[in-house]
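Here is how the chains run, residue by residue.
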Amino acid sequence: MGTDDSGARPTRSTRRTFLSAATAATAATVAVPVLADPAAAASGGGPSGPGHPVRPQPPGRELRDLLRAVDQRRIEAIVRRLAEFGTRHTLSTQDDPARGIGAARDWIYDRMREYAAASGGRMTVELQSYIQQPASRIPVPTRITNVVATLRGETSPNRTYVVTGHYDSRCTDVMDAVSDAPGADDDASGVAVVMELARLMTTRPTGATIVFAAVAGEEQGLYGSAYLAQQLKAAGTDVQGMFSDDIIGSSTADDGTRDPHAVRLFAEGVPTAETPAEASTRQSVGGENDSPSRQLARFVKDVAENGATDMRVRVIYRRDRYLRGSDHISFLREGWPAGRFTEPNEDFAHQHQDVRVVDGQQFGDLPEFCDFGYITRVARVNGAALWSLAQAPGTPKGAIIVTTDLTNNTTLRWQRGAEPDLAGYEVVWRETTAAEWQKVIPVGDVTQVTIDLSKDNVFFGVRAVNRDNLRSPVAFPRPGS
């Protein structure tokens, strides 16, 4: 169950009227005047205008129970077990029961099936395989296999959220499939988060579907995640959010600096899959900081920066680290919102390195350099985001700013969601120079609203709210009629 701490209450006004009283609630139009919140203005709580300050969504009892159950000992055991396979290179052996990517694949699959057995049939697990023909970093035809656990939602099963970690690893030479490549931080840590959340959520019914995937081929070129995304696309799946957990194993930098209570979340601005027509619209009306991925990142901060996670989410306004990339890019290419979680400070002596000692310094991606308490807290951030997404309504679809007439008012329109517990909608807005949404206006169970505030001066968004006061990510409206 969620609780509402937004402080939002009906806007006081004698001018607020239903302009089309004869229409049904799903097509009603509401006029909301500009009306500052005096208390907010006095306390510096945001710009002058309608609504009340946006505040984070606190975790409800069910979410708190879930986050408390994240088990550091299990996470550590998973990381250490995956490292014991010696190498998990995509080109390594697939039929040795003790070493190589095949042994790791089978171990992950068996564990996921054990988790699914407790789901009452809600979770299914599959080995999703294909043969990758010779390509970049793939010299011979190679079987790429993802381990995919799908927890089917009960009320909105097609609406889907995906979380991945890649179980392949590498050493210094990306084509060396024989040398040890324990891959503890990169990326047994991410796989451990995916597996631990799958274990915990399998017994907890969700509204939407969550896919927990351990993907292969990342180090060779995002092959496994690309195949997963393509299969979801071909099935017509409505993917409304995806997270890649990649290198989340340590909070210590190469100079010894520690930041154990922060995680980076990379979120692109201009969408990877943007069309020329969409680019032209964006250039005209703005929105470089309002991609679906940026809205997803704002949502994560809203629900996952709290005492239950004990973490700060540092959103980075980039698709990924400088000139590098992870599995979320495969989903961005399909046009879906996605982001990458990664540790705040990297130590490159323990990434993509042969295991060796040089002048007394240990190189190699070994479990001894992981901070398992930190991985546990990152798991809680992921859990807070995924649970809140799956239990809240979906992101509103078809959101537009009506531009048939040029006025100093702003009319917004969107499609009503089909969730059975949908309670209504909120309009959010902010100054164009602000990074986060600043004001929220509850507008009720309607699909059109007119606000006495100029679209020329601020940015608007729309989000859905259910009866438990759980809110969706924001939909950024485009011009339309």
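Quick caveat: nothing in here was measured; it's all calculated off a predicted structure. (Residues numbered from 1 in each chain as written. Predicted model: local features only at pLDDT ≥ 70, side-chain atom pairs only at ≥ 80, totals over all residues. Heavy atoms only, no water.)

## Some thoughts on the packing of helix α3 (residues 72–83) against helix α4 (residues 101–116)
When two helices pack together, their arrangement is given by the angle between the helix axes and by the axis-to-axis distance. Rule in force here: Angles shown run from 0 to 180 degrees and are taken between the N-to-C directions of axes, each axis being a line fitted to C-alpha atoms and, for helices, limited to the stretch in contact. Here a helix means four or more residues in a row that DSSP labels H or I, a strand means two or more in a row labelled E, and each is numbered from the N terminus. Oblique is the label for any angle not under 35 degrees, not over 145, and not in the 65 to 115 range, which are roughly parallel, roughly antiparallel and roughly perpendicular in turn. Left-handed describes a crossing whose near helix is turned anticlockwise from the far helix through less than a right angle; right-handed describes the clockwise counterpart. By definition, residues are in contact when any of their heavy atoms lie within 4.5 Å. Any residue that is not Ala, Val, Leu, Ile, Met, Phe, Trp, Tyr, Cys, Pro, Asp, Glu, Lys or Arg is counted as polar, Gly included; the first ten are nonpolar and the last four charged.
One can describe the packing of α3 onto α4 by two numbers: an axis separation of 10 Å at closest approach and a directional angle of 155°. The angle between α3 and α4 falls in the class roughly antiparallel. Crossing of α3 over α4 shows right-handed handedness. Contacts between α3 and α4 involve I78, R81 and L82 from the former and A104, W107, I108 and Y115 from the latter. Among the residues making up the contact of α3 with α4, the classes are represented as six nonpolar, no polar and one charged.

## Examining the packing of aromatic side chains
Convention followed: Centres within 6.5 Å make a pair out of two Phe, Tyr or Trp rings, where for Trp the six-membered ring is used; the pair is then stacked when the planes are under 30 degrees apart, edge-to-face when over 60, and tilted otherwise. Categorising residues by exposure relies on relative accessible area from a 1.4 Å probe, with only protein chains included: less than 20% of the type maximum marks a residue as buried, more than 50% marks it as exposed, and the intermediate range marks it as partly exposed.
Scanning the entire structure with this criterion turns up five aromatic pairs. Aromatic pair F243 and F341: ring centres 5.3 Å apart, planes at 40°, arrangement tilted. Here F341 lies in strand β11 (residues 338–342) and F243 lies in strand β8 (residues 238–245), a separation of 98 residues in the sequence. Per residue, the accessibility class of F243 equals that of F341, and both read buried. Relative to F476, the ring of F459 lies with its centre 5.7 Å away and its plane at 70°, an arrangement referred to as edge-to-face. Remark: F476 occurs in the loop between β19 (458–466) and β20 (478–480) and F459 occurs in strand β19; sequence separation between them is 17 residues. Like F476, F459 is buried.

## Looking at the sheet that holds strand β16 (residues 422–431)
Heads up, the condition is: A pair of strands counts as paired when DSSP detects no fewer than two bridges linking them.
Taken together, four strands build an open sheet; the order of strands is β3-β17-β16-β19 and the sheet is antiparallel. Where the open sheet ends on each side, the last strands, each with one partner, are β3 (52–53) and β19. Two strands pair when backbone bridges link them, and β3 and strand β17 (residues 439–444) are joined in this way by two bridges, in the antiparallel orientation. When the sheet's bridge partners are listed, H52 is paired in β17 with V440.

## Points about the pattern of salt bridges
Convention followed: Any carboxyl oxygen of Asp or Glu that lies within 4 Å of a side-chain nitrogen of Lys or Arg is treated as forming a salt bridge with it.
Inspection of every chain in the model, using the stated rule, returns 28 salt bridges. E419 is the salt-bridge partner of R159, the closest N and O atoms lying 3.8 Å from each other. Of this pair, R159 sits in strand β6 (residues 156–166) while E419 is found in the loop between β15 (410–413) and β16, placing the two residues 260 residues apart along the sequence. Put simply, R282 and E274 hold a salt bridge, and the shortest N to O gap is 2.7 Å. For R282, a relative accessible area of 11% gives the class buried. What emerges from the salt-bridge pattern is a single network uniting D246, R264, D320, R321, R324, R340 and E346.

## A look at the sheet that holds strand β9 (residues 262–266)
Taken together, eight strands build an open sheet; the order of strands is β4-β5-β7-β6-β8-β11-β9-β10 and the sheet is mixed. A strand with exactly one partner marks an edge of an open sheet, and here the two such strands are β4 (123–132) and β10 (312–316). Ignoring strand direction, the axes of neighbouring strands in this sheet form an average angle of 25°. Here β4 pairs with strand β5 (residues 142–151) via ten bridges, running antiparallel. Its bridge partner being in β5, I131 is matched across the sheet by R143. Its contacts with the sheet put helix α7 (residues 223–234) on β4, β5, β6, β7 (208–215) and β8, and the angle it makes with β4 is roughly 115°.

## Side note on the confidence of the model for the protein
Definition in use: Confidence of the predictor in every single residue is expressed as pLDDT, which spans 0 to 100.
Mean pLDDT over the protein works out to 92, with 91% of the residues at or above the 70 mark. Low pLDDT, under 50, characterises residues 34–43; the stretch is placed with 20 contacts to residues that sit more than four places away or in other chains.

## With respect to the environment of L265
Position of L265 relative to the elements: it lies in strand β9. Sequence separation between L265 and W414 is 149 residues; the distance between their C-alpha atoms is 28 Å.

## Examining the nonpolar core
Definition in use: Take the buried Ala, Val, Leu, Ile, Met, Phe, Trp, Tyr and Cys residues and link them wherever side-chain atoms come within 4.5 Å; each set so joined is a nonpolar core.
Ranked by size, the top nonpolar core spans 75 residues in total, and within it L82, I108, M112, F212, F243 and V300 carry the most contacts. Look past the residues within four positions of V300 in its chain and what remains in contact with it is F243, L265, E305, V313, F341, V381 and A385. With 19 residues, the next largest nonpolar core counts L412, W414, W429 and V443 among its residues.

## Things to note about the side chain of Q240
Our working rule: Contacts described as polar in this section are N or O atom pairs within 3.5 Å, which, within protein, must combine one atom able to donate a hydrogen with one able to accept it, while residues neighboring in sequence count only if both atoms come from side chains.
Relative to the elements of secondary structure, Q240 occurs in strand β8. The buried category is assigned to Q240, whose relative accessible area is 8%. Here D238 takes part through its side chain, which lies 2.9 Å from a polar atom of the side chain of Q240. Apart from residues no more than four positions distant in its own chain, Q240 is found in contact with R159, T160, Y161, P337, G394, T395 and K397.

## Description of unusual backbone geometry
Here the bond from D186 into D187 is cis, since omega is 10°, no more than 30 degrees from zero. Tracing the backbone shows D187 in helix α5 (residues 184–201). With a phi close to 65°, L222 is a non-glycine residue in the positive phi region. Structurally, the position occupied by L222 is in the loop between α6 (218–221) and α7. The exposure class assigned to L222 is buried, which follows from its relative accessible area of 10%. Even without being a glycine, H352 presents a positive backbone phi close to 55°. With respect to the helices, strands and loops of the structure, H352 is situated in the loop between β11 and β12 (356–358).

## Focus on the environment of E114
Checked against the element boundaries, E114 lands in helix α4. Accessibility expressed as a relative area gives 47% for E114, which makes it partly exposed. Separated by 85 residues in the primary sequence, E114 and R199 have C-alpha atoms spaced 8.6 Å apart. At a separation of 2.9 Å, a polar atom in the side chain of E114 contacts the side chain of R111.

## Here we look at the pairing of β16
Burial runs high along β16: eight of the ten residues are buried. Relative to β19, β16 is paired through nine bridges, and the arrangement is antiparallel. What sits directly across from E426, in β19, is R463. Bridge count for β16 against β17 is five bridges, and the pairing is antiparallel. Its bridge partner lying in β17, V427 is registered against I441.

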